[in-house]
Amino acid sequence: MSKITHYMNNSPFLGNGERSHPVFNPAIGVAEKSVVLSTEDDVNKIVAAAKAAWPIWSKTTVLRRVRVLDKFKSILWDRADQLAKIISSEHGKTYDDAFGEVIRGIEVVEFAVGAPTYMKGEFSENIGNGVDSHMIRQSLGVCAGITPFNFPCMVPMWMFPIALATGNTFVLKPSEIAPSASLLMAEWLAEAGLPAGVFNVVQGDKITVDDLLNHPDIKAISFVGSTPVAQYIYNTGIQNGKRVQALGGAKNHMVIMPDADLEMVISSLMGAAYGSAGERCMAISVAVPVTDVIADSLVERLIPKIKALKIGPPTNQESDMGPLVTEHHRNKVHGYIDSAKKDGAKIVVDGRLFNQKIEGYEKGFYTGGTLIDHVTPDMRAYKDEIFGPVLSIIRRNSYQEAIDLIHGHKYANGTAIFTRDGDTGRNFSQDIEVGMVGINVPIPVPMAFHSFGGWKSSIWGDHHMHGMEGVRFYTRIKTTTTRWPTGIREDSQFSMPTM
Ligand code: NAD
């Protein structure tokens, strides 16, 4: 069984830990690899390597820094296939989906190489008599990224390309469920010419995260994962004096107005609810048809589509949906369907009944698409994030009732409205208290040059990811006020200087 290691100073690093975590291939339900889990000593060594690399890297000219990233970008384009295969084998998402994730990651690298422009400072001359003032952005030092299982490549790339371009060094702690992509990216950064110690990987679980949170040399932490962990990381990180951005879970609603193009709604909803087996923080998990007429028509048209979903190995080009990531997660998803039924909702299509046996894949963690109608806001299946191929329908009678429903939920990551009416679309975009909004767009994931992030319990911290928000997070501003001796002599001034 192959062992996945840490990565330090441009080389694999085994560390001295005795603990490890099995890495499953969810398509066949077998642990094919294991990943080492760090000790405190491993974390100390890896952070020390990143700290040692920072003084030179932060002073390396920005053009040289982005040339390394530019080379890395070319390698990624050439070998996206390799990365997609490894992601698919540990996560279970289809190959095309994994390939798309790699491309979305590359887009952040494309943004990051613009650092010579976005790192430019500001200058004001003559703010006083013979006095000038300028502002520059400087890096923070060693930054850490802690990432979830569901985007082993894209989410780390929301973080490290901008951190590196702005002059920081980085320690990535990927999910122990899907850790291999991190090592490929580390090797390719080294191949692109990144100096030793600038990008490192530490493998681990909560123990590793706590060691990072408590390490005095980590200046900033970027986290993406579930909300309870995001909240814990934010609270502990800021108590320890670190800058923290922590993105959490989601429950994304799609409002379907009576004037919506229902064909467009159905095709959008199928991909948004069941793509990647619903294991996306931007998946639509709640459809909110406005009026019963629309709801009935929606349900009737969704049923055959959900029953026709092709569920199978992610390597099969025909598959719409692969397995869930672990057996434990599949049980959790099924538990939510059980609870919705107990709470009085109607299970219209029941994914738990999926029993298509695929030769060689009988032990894979497959489940079918589920549709639940007549869900109400008090149900656990609505309040919690399920993170599986389960779409709930909550019927509402008006636009305002739909808005109130969304505002009543603790999560506010993404949302969408489908309508043909410009006023309704515009009002929704202005009024809704959610971080990312789609108007006739089901999964409104911002491009790399904009920023990604939700509101309310979907984020802890002030900065969204990538785009200029990423630059702000990974830099601190320094303002220098300058006067040169030009013969002007002044008496000592004891009151507040004014110009
Ligand atoms: P998770 O919270 O279980 O794990 C995320 C990371 O935290 C992993 O690296 C893990 O090792 C670590 N971790 C887990 N438990 C911990 C603990 N108790 N203390 C410290 N560290 C801990 O999340 P996951 O299951 O890997 O990913 C799915 C979750 O991520 C979903 O809730 C999803 O919505 C969320 N997510 C959010 C976004 C976003 O942008 N908001 C994007 C992707 C995923």
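All values derive from a computational prediction rather than experimental measurement. Each chain carries its own residue numbering, running from 1 in the written order of its sequence. The model is predicted, so local features are restricted to residues of pLDDT at least 70 and side-chain atom pairs to those at 80 or more, both for listing and for counting; the totals for chains, interfaces and linings are taken over all residues. Hydrogens are left out, water is left out, and the side-chain values use all remaining heavy atoms of the structure.

Details of the sheet that holds strand S4 (residues 20-25)
Short version of the rule: The pairing criterion is simple: DSSP has to find at least two bridges between the two strands. The numbering of helices and of strands both runs from the N terminus, where a helix is a DSSP run of H or I of at least 4 residues and a strand a run of E of at least 2. Fitted lines through C-alpha atoms serve as axes, helices being fitted only where they are in contact, and the angles separating the N-to-C directions of these axes extend from 0 to 180 degrees.
A sheet is described by the order of its strands in space; here 3 strands give the open sequence S1-S5-S4, paired in mixed fashion. Since the sheet does not close on itself, it has two edges, and those belong to strand S1 (2-4) and S4, each with one partner. Between one strand axis and the next, the sheet turns through 40° on average, direction left out of account. Examined bridge by bridge, S4 and strand S5 (residues 30-36) share 6 bridges and lie antiparallel to one another.

Comments concerning the domain arrangement of the protein
Put simply, the test is: A domain assignment, automatic or from a database, supplies the domain bounds used here. Two residues qualify as a contact provided that any one of their heavy atoms is within 4.5 Å of a heavy atom in the partner residue. A quick way to say it: buried area is the sum, across both parts, of accessible area lost when two parts are put together, with a 1.4 Å probe. Should a side-chain nitrogen of Lys or Arg be within 4 Å of a carboxyl oxygen of Asp or Glu, the pair is scored as a salt bridge.
Under the domain assignment used here, the protein contains domain 1 (2-248 + 458-480) and domain 2 (252-439). With centres defined by C-alpha atoms, the gap from domain 1 to domain 2 works out at 31 Å. On the domain 2 side, the residues contacting the 20 residues of domain 1 number 24 residues. A buried area of about 1,800 Å², summed over both sides, lies between domain 1 and domain 2, and 59% of it is on carbon and sulfur atoms. Of all residues in domain 1, Ala27, Thr94 and Ser458 bury the most surface against domain 2, accounting for 25% of the area lost on that side. The interface formed by domain 1 and domain 2 holds 1 salt bridge in total.

Notes on helix H5 (residues 154-165)
Using the following cut-off: Take the residue count of a helix, subtract one, and multiply by 1.5 Å to get its expected span. Only protein chains enter the calculation, and the probe is 1.4 Å; a residue is then buried if its accessible area is under 20% of its type maximum, exposed if over 50%, and partly exposed in between.
Taking 1.5 Å per residue, 12 residues should reach 16 Å; H5 reaches 17 Å between its end C-alpha atoms and fits that length. Summarising burial for H5: 12 of the 12 residues are buried, a large majority. Along H5, the residues that are buried comprise Met154, Val155, Pro156, Met157, Trp158, Met159, Phe160, Pro161, Ile162, Ala163, Leu164 and Ala165. Just beyond H5, the residue with positive phi is Gly167, at close to 105°.

Notes on empty space enclosed by the protein
Sizing a probe to match a water molecule and rolling it over the atoms shows the empty space that remains. Keep this limit in mind: Definitions used for this entry: grid spacing 1 Å over protein atoms alone; cavity, a set of points where a 1.4 Å probe fits but cannot get out; pocket, an open set with protein on both sides within 12 Å along at least 5 of 7 lines; lining residue, one with an atom within 4 Å of a point. Grid points are joined across faces, edges and corners, and a volume is the space filled by probe spheres set on the points. Three classes are used, and their members are as follows: Ala, Val, Leu, Ile, Met, Phe, Trp, Tyr, Cys and Pro are nonpolar, Asp, Glu, Lys and Arg are charged, and the others, Gly among them, are polar.
Summed over all chains, the structure comprises 2 cavities of 30 Å³ or more. Its boundaries defined by the atoms lining it, the largest cavity holds a volume of some 120 Å³. Contributing to the lining of the largest cavity are 14 residues, with Gly278, Ser285, Glu385, Ile386 and Phe387 lying nearest its centre. Residue composition of the lining of the largest cavity, grouped by class: 6 nonpolar, 5 polar and 3 charged. The computed volume of the second largest cavity comes to approximately 50 Å³. Considering the residues around the second largest cavity, the lining is formed by Arg104, Glu107, Val108, Met154, Trp158, Val445, Pro446, Met447, Ala448, Phe452 and His466. At the level of secondary structure, the elements contributing two or more residues to the lining of the second largest cavity comprise helix H3 (95-112) and H5. Sort the elements by how many residues they give to the lining of the second largest cavity and H3 lands first, with 3 residues. For the lining of the second largest cavity, the per-class residue count stands at 8 nonpolar, 1 polar and 2 charged.

A few points about the packing of aromatic side chains
Just so we agree on the cut-off: Between rings of Phe, Tyr and Trp, where Trp is taken as its six-membered ring, a pair exists when centres lie within 6.5 Å; planes separated by under 30 degrees are stacked, by over 60 edge-to-face, and by other angles tilted.
Under the counting rule described, the total for this entry stands at 10 aromatic pairs. Consider the rings of Phe24 and Phe365, whose centres lie 6.0 Å apart with planes at 55°: the pair is tilted. Of the two residues, Phe24 is situated in strand S4 and Phe365 in the loop between strand S15 (346-349) and strand S16 (370-373); the sequence distance between them amounts to 341 residues. A ring pair is formed by Trp158 and Phe452, whose centres lie 4.3 Å apart and whose planes are at 35°; its orientation type is tilted. Here Phe452 lies in the loop between strand S20 (436-439) and strand S21 (455-456) and Trp158 lies in helix H5, a separation of 294 residues in the sequence. Both residues of the pair, Trp158 and Phe452, belong to the buried class.

Comments concerning unusual backbone geometry
The phi dihedral of Asn9 is positive, around 50°, even though this residue is not glycine. Its location among the elements puts Asn9 in the loop between strand S2 (6-8) and strand S3 (11-13). Despite not being glycine, Asn126 has its phi angle at roughly 50°, a positive value. Counting through the fold element by element, Asn126 comes out in strand S6 (residues 122-128).

Some thoughts on the packing of H3 against H5
The angle between the axes and the distance between the axes are what describe a pair of packed helices. Applicable threshold: Roughly parallel refers to an angle under 35 degrees, roughly antiparallel to one over 145, roughly perpendicular to one between 65 and 115, and oblique to any angle outside these ranges. Note: crossing handedness is left-handed where the near helix turns anticlockwise from the far helix by less than a right angle, and right-handed where it turns clockwise.
Between H3 and H5, the least distance of the axes is 9 Å, while the angle of their chain directions is 15°. Taken together, the axis directions place H3 and H5 in an arrangement best described as roughly parallel. In this structure, H3 crosses over H5, and the sense of that crossing is right-handed. Where H3 abuts H5, its residues Glu101, Val102, Arg104, Gly105, Ile106, Val108, Val109, Phe111 and Ala112 lie against Met154, Met157, Trp158, Pro161, Ile162 and Ala165.

Regarding the pairing of strand S17 (residues 390-393)
Residues Val390 and Ser392 line one face of S17 and the alternating positions Leu391 and Ile393 line the opposite face, and both faces are buried. For strand S14 (residues 284-289) and S17, the ladder comprises 2 bridges, and the chain directions are parallel. Directly across from Val286, in S17, lies its bridge partner Ser392. In terms of strand pairing, S16 meets S17 through 3 bridges, oriented parallel. Within the sheet, the bridge partner assigned to Leu371 lies in S17 and is Leu391.

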